[in-house]
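Residue strings, one per chain:
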Amino acid sequence: MPTKDETLFDTSEITVSMGPQHPSTHGVLQVKLKLDGERVLDAECVIGYLHRGVEKLGEAQTYGQFVPTLDRMDYIAAVSNCLGYCETIEKLLGITAPPRAQYIRVIMTELNRISSHLLWLGTHALDIGAMTVFLYAFREREEVLKIFENYCGARLTTHMFRIGGTQYEIYEGFEDQVRKFVREFPKHVDEYETLLTQNRIWIGRTRGVGVISAKDAIDLGVTGPSLRGSGVDWDLRKAKPYAAYSDFEFDIPTGGTGDTYDRYMVRIEEMRQSARIVAQGIEKIPDGPIMAKLSKIIKPPIGDIYHSIEAPKGELGYYIVSDGSTMAYRARVRPPSFVNLQALKKMVAGLMVADVVAIIGTLDIVLGEIDR
Amino acid sequence: MAEEQKDNDQTEKPAAQPAEPVKPAEAKAAVPKPPPPPPGAKPAPPAAAKPKGPQQEPWSSPLVDAIKERFGGEFIKSYSFLGQNQIEVKKERIAEIMTFLRDTPISPFNYLVDETAVHWPKEEQFEIVYILYSFEKNAHVRVKTRIKEWEPIESVVSVWATADWLEREVYDMFGVQYANHPNLKRILLPEDWAGFPLRKDYNIRLQDVEWVRKHLGIDSGQKYYVGEARDQTPDYRTPQD
């Protein structure tokens, strides 16, 4: 990193506040950048603008009432939030959702992963300057949201699952609609790739930008595609299978150098793998009930539990302490974006201001989840 | 059930092969059965009045023995609840214990998943919970320690860089004082906010009315604020209730 004395022109160190109203901070994130000319010396994130006290609300709502609140954390991937929490409480209660519900959960969660990655792809490319991708990505995202809307009436904050299973049976024509989507989706992924993968500007803006080594990523607790981009073959769907993931065949894409381009390739490939999981799941949804037998009033035993799932952004964990009443004594959420954002400081040091935008994009953060 | 037991297995390799799909009959088994204690564990003492629900099972492993050997005076107990292993230690040498856990060849817990706190006002204590994960062994462990109110605890930022923000959040929400933290200040709430919201004596309807008036220029309409509510009887809920 060049210091003040090493630069060609005599520039003074200035502090620039980026955000919280900056369009490419994906919400209300403020980054205080210490700059030498256009070079970033240090970055400090100021978060909390969207703090709503979700963990406190969890102590004042019953276990069932808390689920819709969680949809408002990572609103891009509300289905994952819901799945993680429902499974945590099921684990504490010692029940398992019926296989049919497990399959519906996997299909919906993977569709949600696709829609989350599509939103990331569109906005990330838009930040760097490729506008076209955004329009294509949102075309397919719309198809996913239509499936969600048909299934539960909501497009974003879906509240799809309940503790013990799912609330709704799949609708008529669900299978055909999903089959059609997963048949056509890989071709659309190829389309996005023709726009970006070999694009010289894209490569110039992402190759070697925001490099983080596997060791540093683990030390900083980075998870999800950002960790896999650094070459760590670790995915909770494989490492600690939950729901019905152990029945499915899929690959875990990894990168090599851990730069922005690697993370882009990992997410692109993950979308294909998600489509593959959905295609397998839709063919073998078992028959049976969609809700486990469960009393109306949920009172877990006294104790604590930690359960985590692979959300589109990384490891989403819930640590629940139960005092045997109908409300959690402590409802802790371990949000992936919050922990991943910590890596920003390390990744931007020595780069240009314009790269900060690329790195915020590549970390795939959602401020609703960071601030909770 | 099968999945919970797997969760606990220290030597478990990442399960790549698909497991048996859950049968409906198994799904119906609503009464949780605690997993069998690992070999070498003492059998659980016979329960007097047949306790309801899952119970803590004693847990011993080479890891626990190693901690007992190196930090004998610090070790309190180790147990497994619902297949999840937990170690309770005293707070004095927490950073040393964490460094040991990170580097131990038995099961190197190189990833700090989460660090958080639980407030137990009746015992006037905060429980600090560290959730650790070992990539090599694919195993989780929870380390718990207890501190009194305003009692400082050693920061683990020097062990895992992740702890930086996690500890700032615990400070922000509970007021836990970390010693040797590089940058201990509020993270989610404004820096001049009064009170620590996730404490049990902080009523859910509370807010810093003064702060809202000063910075937003409005009356928040909330009846309570921190000072007054401290005098009211707090609405405690503890496991004994």
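Residues numbered from 1 in each chain as written. Chains lettered and ligands numbered in written order. Predicted model: local features only at pLDDT ≥ 70, side-chain atom pairs only at ≥ 80, totals over all residues.

We now examine the domain arrangement of chain B. Residues and elements named next belong to chain B. Segmentation of chain B into domains returns domain 1 (55–188) and domain 2 (190–241). Across the boundary between the two partners, domain 1 contributes 9 residues, which contact 11 residues of domain 2. The set of elements that each furnish at least two residues to the side of domain 1 that touches domain 2 consists of β4 (111–120) and α5 (163–174). Of the residues that constitute the side of domain 1 that touches domain 2, the class distribution is 4 nonpolar, 2 polar and 3 charged. (Domains from an automatic or database assignment. Contact = placed C-beta atoms within 7 Å. Helix = DSSP H or I, 4+ residues; strand = E, 2+ residues; numbered from the N terminus. Nonpolar A, V, L, I, M, F, W, Y, C, P; charged D, E, K, R; others polar.)

Let us look at the confidence of the model for chain A. Summing up the model confidence of chain A, the mean pLDDT is 88 and the portion of residues at 70 or higher is 97%. Element-level mean pLDDT values for chain A span from 86 in strand β1 (residues 13–18) of chain A up to 92 in strand β7 (residues 314–322) of chain A. (pLDDT = per-residue confidence, 0-100.)

Residues and elements named next belong to chain A. It is at 10 Å that the axes of helix α5 (residues 131–152) and helix α6 (residues 174–196) come closest, and there the two elements cross at 165°. By the angle class used here, α5 and α6 are roughly antiparallel. As α5 packs across α6, the resulting crossing turns out to be left-handed. Contacts between α5 and α6 pair Thr132, Val133, Tyr136, Ala137, Glu140, Glu143, Ile147 and Tyr151 from the former with Phe174, Gln177, Val178, Phe181, Phe185, His188, Glu191, Tyr192, Leu195 and Leu196 from the latter. A class-by-class count of the residues in the contact of α5 with α6 yields 12 nonpolar, 3 polar and 3 charged. (Axes fitted to C-alpha atoms, helices over the stretch in contact; angles between N-to-C directions. Parallel < 35°, antiparallel > 145°, perpendicular 65-115°, else oblique. Left-handed = near helix turned anticlockwise from the far one by under 90°.)

This paragraph deals with the environment of Val176 of chain B. All names here are of chain B. Structurally, Val176 can be placed in the loop between α5 and β8 (178–179). Taking the C-alpha atoms as reference points, Val176 and Pro152, separated by 24 residues in sequence, lie 7.0 Å from one another. Beyond its immediate sequence surroundings of up to four residues, Val176 is in contact with Ala117, Phe126, Ile128, Ile153, Val170 and Tyr171.

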